[in-house]
Structure formats: structure tokens, C-alpha cells
Amino acid sequence: MKLETKVRQTLKKIKLSTPKGVPSVRGDINTKGKKEKILIALSGGKDSATTAYLLKKFGYDIEGLYIDLKIGKYSEKCLEAVKKLCKNLGIKLHVYDIEKERGAGMCYLRSGVQEKKAKLRNCAICGVLKKWILNREARKLKVNKIATGHNLDDEAQTCLMNVLKGSPKLSFSSGPVTKNISDRKFIPRIKPLFYVAEKEIRKFSKQKKLSVVYNKCPCALDSYRIQVRKFLNTLPEKDKRNILKNFEKIFVKNKKRRKDKVEYCEICGEPSRNNICKMCKLMR
Ligand code: SF4
Ligand SMILES: [Zn+2]
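This write-up is about the structure you can find in this document. (Residues numbered from 1 in each chain as written. Chains lettered and ligands numbered in written order. Predicted model: local features only at pLDDT ≥ 70, side-chain atom pairs only at ≥ 80, totals over all residues. Heavy atoms only, no water.)

Quick notes on the overall build of the protein
What the protein contains, in helices and strands, is eleven helices and seven strands. C-alpha extents for the protein along the principal axes are approximately 55 × 45 × 40 Å. When burial is assessed residue by residue, the protein has 48% of its 284 residues classed as buried. Sequence separation of at least 24 residues holds for 71% of the intrachain contacts in the protein that already meet a minimum separation of 6. Carbon together with sulfur atoms contributes 52% to the accessible area of the protein, which is approximately 15,500 Å² in total. Taking the average place of the 69 positive charges on the side chains of the protein and the average place of its 28 negative ones, the gap between the two points comes to 4 Å. (Helix = DSSP H or I, 4+ residues; strand = E, 2+ residues; numbered from the N terminus. Buried < 20%, exposed > 50% of the residue type's maximum accessible area, 1.4 Å probe, protein only. Contact = heavy atoms within 4.5 Å. Areas by Shrake-Rupley, 256 points an atom, 1.4 Å probe, with all protein chains shown as cover. Lys, Arg positive; Asp, Glu negative; His and termini not counted. Charge placed at Lys NZ, Arg CZ, Asp CG, Glu CD.)

This is the structure:
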């Protein structure tokens, strides 16, 4: 199945309203056109660039957000690529400068955390910060949804890592759209590439000549994820898909579970599962 068809089917599955005048997967045209505004988390990489390209092509109302983590030359190159991509696609770009907003670049902020919590991996810290920033900025920009470029390989890795760590519950609500959380301060996140393999996206982004940085982030030193990735890459795509399917089945079985309780962080006011959010716990 073509990559574009897979993405259209995913958008249909998560009931992302088809933009006005655009044919749906079944070919019918939406004439009412409830427009949702979607913020794409652009990293400079192929996955988020492909997400932006397709949502724009399908007629959605999208804007981009680049979080400038100030990881030296790498961040500079990514910003350049994102600016070019947005110019080519005609997308409004917002840039969040972590130095200006948080007082320091990611490497400095992260080493501060690791002085106290040495075991925490680079990407775990960076990921918490980015999610916090994304939700806050998306709310400020009054968008209905956030779209990220997570693909089939990323998701299968995360599910398997959670199983191997003995915390499969962490993946029970994994899927192409956030589940179990509904709160006025929480902006739902969608993953249009959830069922698309990494190698397909790489090929697609090259075919379409998207403005992308193909080098890996120099801070991506999560050796555990690398090990899991290497193992999963020895399996056929069908097996990766099955890992995700199993988790989706578990979620359906647990559907009657209460929705996750949302509190507001006592420090920053952001939605959180506890009285202090993960970001503030890391930074204090
Ligand atoms: S690879 Fe890790 S450290 Fe680099 S930007 Fe992504 S989450 Fe952050
Ligand atoms: Zn907080």
C-alpha cells in the first residue's frame, strides 16, 4: 500500500475531520468543512517534514513549530532545513528558542538534571521538556491538535522497551492519537505516520526532495533504544506492526478504564498526572 494511502487511512481512523472540499479515503467530499488547526512539531528530520508535506497536500490548516534546542551546529542546520521546508510548502513557522525562554540550551539544562539524576538518559530528559513546551505553545497558538512525526519503528521500539523494562502499562494507550486524556489545557496529539515504516518515509522524503537533515542528533546516545532498534530491524515489518496491534487490542479491552486523572502542576500550572509535572520534577 502506498505511503499516502496509509496516512489517509490513519487520519480517517482517528477521525481527523477532512478539510473542506477535499476527498476522504472513501472519495466523498466534505462540504461542511469543520476546519481544525494543526501544529506540526518540526524537528528538521524526515518524519516531521513528511508529516507536514502530507497534511498540507491533503488540505489541512497547518502551522509549524520548531523548538530550537541549541544543540550546536546540528540545531542550526535543522533550523535552516525547517525554514526552507516551510517556505517551500507555504506553512507559517513558529520558532521556540530554548535559550531565550528557559535561560540555557538543552545540553546545559540536561547536564544540570544529570548531576542529580545520573541514570536519566539524554532523550528521556529532552523528551519531557519538548512535550511540555509543545503543549504550552500549541495552547498559546490556539490550535486544535499537535501532529508529530513518530513512525512505526519508533512506536514498536517504545512498546518493546516498555515490555522489557517491566512497564508494559506505559504503552497501553499508545496509538495514532492520544487516548485517555481529556482536559481543556491538554492539546491532543496525533501521529499520522504511526503505521508507516521508517525506510518508507526515508524513500518518500528523498523522492519528494523535502528539505531535511538526515544526520542523527549528536545527543541521541540512548544505547538501550539503539539495541532494541537493532533487534527489531532483524524482524520483518509485519512483526513490528503486530507489536502495535497487540497494544491496541489491550487498550480496547481496557476501554472501560477510567480516564487518566488530570491535575494541574503546582509549579507551572500545566496539566499533569501528579501535583508536580514531570518537567518541574526534573528541573527543580
Ligand atoms: S534525539 Fe534525543 S536529545 Fe536529540 S533532539 Fe531527539 S530527544 Fe532530544
Ligand atoms: Zn510543572
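Digging into the sheet that holds strand β1 (residues 37–42)
Read across the sheet, five strands follow the order β3-β2-β1-β4-β5 without closing on themselves; strand pairing throughout is parallel. Looking at which strands have only one partner, the edges of the open sheet turn out to be β3 (92–97) and β5 (189–190). Direction of pairing for β1 relative to strand β4 (residues 145–147): parallel, over a ladder of three bridges. Across the sheet, residue isoleucine 38 finds its bridge partner in β4, namely lysine 145. Where helix α2 (residues 46–57) meets the sheet, its contacts fall on β1, β2 (61–68) and β4, and the angle it forms with β1 comes to roughly 155 degrees. Strand contacts of helix α3 (residues 72–89): β1, β2 and β3, with the helix running at about 165 degrees to β2, the strand carrying the most contacts. (Pairing = 2+ DSSP bridges. Axes fitted to C-alpha atoms, helices over the stretch in contact; angles between N-to-C directions.)

A look at the coordination of the zinc ion (ligand 2)
Donor atoms from the polypeptide that coordinate the zinc ion (ligand 2) comprise Cys265 (SG), Cys268 (SG), Cys277 (SG) and Cys280 (SG), at 2.2 to 2.3 Å from the metal. Taken together, the four donor atoms surrounding the zinc ion (ligand 2) define angles of 106 to 114 degrees at the centre, an arrangement classified as tetrahedral. (Donors = N, O, S within 2.8 Å, 3.2 Å for Na, K, Ca; no water. Tetrahedral: all angles 85-135°; square planar, octahedral: opposite > 155°, others 65-115°.)

Regarding the site of ligand 1
Residues in close proximity to ligand 1 include Leu69, Cys123, Cys126, Lys130, Cys217, Cys219 and Ala220, which together make up its full environment. Residue composition of the shell around ligand 1, grouped by class: six nonpolar, no polar and one charged. (Near = heavy atom within 4 Å. Nonpolar A, V, L, I, M, F, W, Y, C, P; charged D, E, K, R; others polar.)

So far we have only geometry, and geometry alone does not tell us how the molecule works.
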